[in-house]
Each structure stands twice: as C-alpha cells, then as structure tokens.
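As a plain string of letters, each chain reads:
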Amino acid sequence: MVNYQKDGTVATVDLKGKIELFVTLPEGSNGNAIRFNSKGEMLLADWPKHNILKVNMSTREVSVFAHDSTFNQPNDIAINSKDQLFASDPNWKEGTGQLWRIDPDGKVNLLMDSLGTTNGLCLSPDEKILYVNESRQRNVWAFDVDDAGNISNKRLFAEFPDFGFDGMKCDREGNVYITRHGKGTIAILS
C-alpha cells in the first residue's frame, strides 16, 4: 500500500495484518496505484514527479520506468499479460484527463487526451476491454483494446448522477467494482 504513515512510502501487509515499511520513494515522489509486471517488479504511478516508477523487489531499488513531461499526474494503472501498462492521467484543476499506454521498454504512448477527469481504470479478464472512469463527470467509458494495445470504439458503459469515482477493478467474471468517494460505497456493475 502507498503512503503508509507518511507520503512517499510503500508498505506491505501480511495475511495476519502485520504492516511493515517496504520502501521510501525518492524525495518529492508520491505513489498512487501499484501493479506488478510478469518479472515481479513493482510499478507505481508517481503523480507529483510525472513518472511511473519501478521497484526491484529484491534490492528495493527505485528507478524511473517511464517519464513524460506532458503527464498531468499519473493516477491509476492497469497492466496486461504483455506487460503493457495503461495509466489514467487527470488534470484536477481543469477537470480534464488523458489516457496513456506505457510499453514494456518504457516507451510512452498517448492514447487519448480529450477525456474528463480520468481516475480509475481496469482491464476485462480477457484484456479486450479497458474501462476508464471520469471522477468529476461520473462517467465510465469502455474501449476495445487490440493486440497491439491500442484503443478504439469509445462507448459509455455507465453514468452516475452523484458523488465521485476513484479506483476501479474487474473480477475474474468481468464485473466492474468502482469506489465512490464522498458516498463511502463500492458500486458493482455486471
């Protein structure tokens, strides 16, 4: 988990609930979402420094995996079986957002730049649909994902009349779980 006891940290929680500090991020970095690639390396969104960081799980060394000066503040990330990372990138002040794909070599690809305040995102179990929510606009969009990791066929999956969105995940059956900040609930959509 990120920001254990103070900003810029990552901690582990074992099955008995014991929490331990795992790593402290570089000065000024602050983690958000965490995912692991097929090599077992930890990848996390570092929103203040406009990075995706990589943590070597053996040495606990932290390095910059991807950086782009046009990132707003990478927020949530999802990863597919090809180790392609998808990142939401909100601009909270402007109420806008971007969507990125970061390839396994760290190459950054802008997939879409004309979204609302992008926040949570997740891939369907077959990795053919990418769901992205807009926190302030309260929309959830679905995109088709091709074999190269490109998106198309943007369509409205769900919309809500109130409260905001945060993290979002899919289960093995393809149900979508959306955290609703301000409401204190998790919405589950089939």
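Chains are numbered independently. Their residues run from 1 in the order of the written sequence. Where totals are concerned, whole chains, interfaces and linings use all residues; where local detail is concerned, this predicted model gives features only for residues with pLDDT of at least 70, and gives and counts side-chain atom pairs only at 80 or more. As a rule here, side-chain values come from all non-hydrogen atoms in the structure, and water together with hydrogens is ignored.

J.: Which residues make up the pairing of strand β3 (residues 31–36), and what values do they have?
T.: Strand pairing requires that DSSP identify at least two bridges connecting the strands. Put simply, DSSP marks the helices as runs of H or I at least four residues long and the strands as runs of E at least two long, and each gets a number from the N terminus on. Two elements, β3 and strand β4 (residues 42–46), share four bridges in a ladder whose sense is antiparallel. Its bridge partner lying in β4, F36 is registered against M42. Hairpin geometry of β3 and β4 is characterised by an intervening segment of five residues between the two adjacent antiparallel strands and by a positive phi of about 85 degrees at G40.

J.: Give me the sheet that holds strand β14 (residues 151–159): which residues, what numbers.
T.: Reading across from one edge, β11-β12-β13-β14 is the order of the four strands in this open sheet, with antiparallel pairing throughout. Where the open sheet ends on each side, the last strands, each with one partner, are β11 (118–123) and β14. Taking the axes of each pair of neighbouring strands and ignoring which way they run, one obtains an average angle of 25 degrees across the sheet. Bridge count for strand β12 (residues 129–134) against strand β13 (residues 139–145) is six bridges, and the pairing is antiparallel. Pairing of Y131 across the sheet is with A142, part of β13. Orientation is described by lines fitted to C-alpha atoms, with helices fitted over the stretch in contact, and by angles between N-to-C directions that extend from 0 to 180 degrees.

J.: Tell me about the sheet that holds strand β15 (residues 168–170), and please be specific about residues and values.
T.: One open sheet accounts for three strands, arranged β15-β16-β17; its pairing is antiparallel. Looking at the sheet topology across the chains shown, the edges are occupied by β15 and β17 (185–189). In this sheet, adjacent strand axes meet at a mean angle of 20 degrees when their direction is disregarded. Across five bridges, strand β16 (residues 176–180) lies against β17 in antiparallel orientation. The partner of Y177 across the bridge, within β17, is I188.

It is worth stressing that arrangement in space is one thing and function is another; only the former is reported here.
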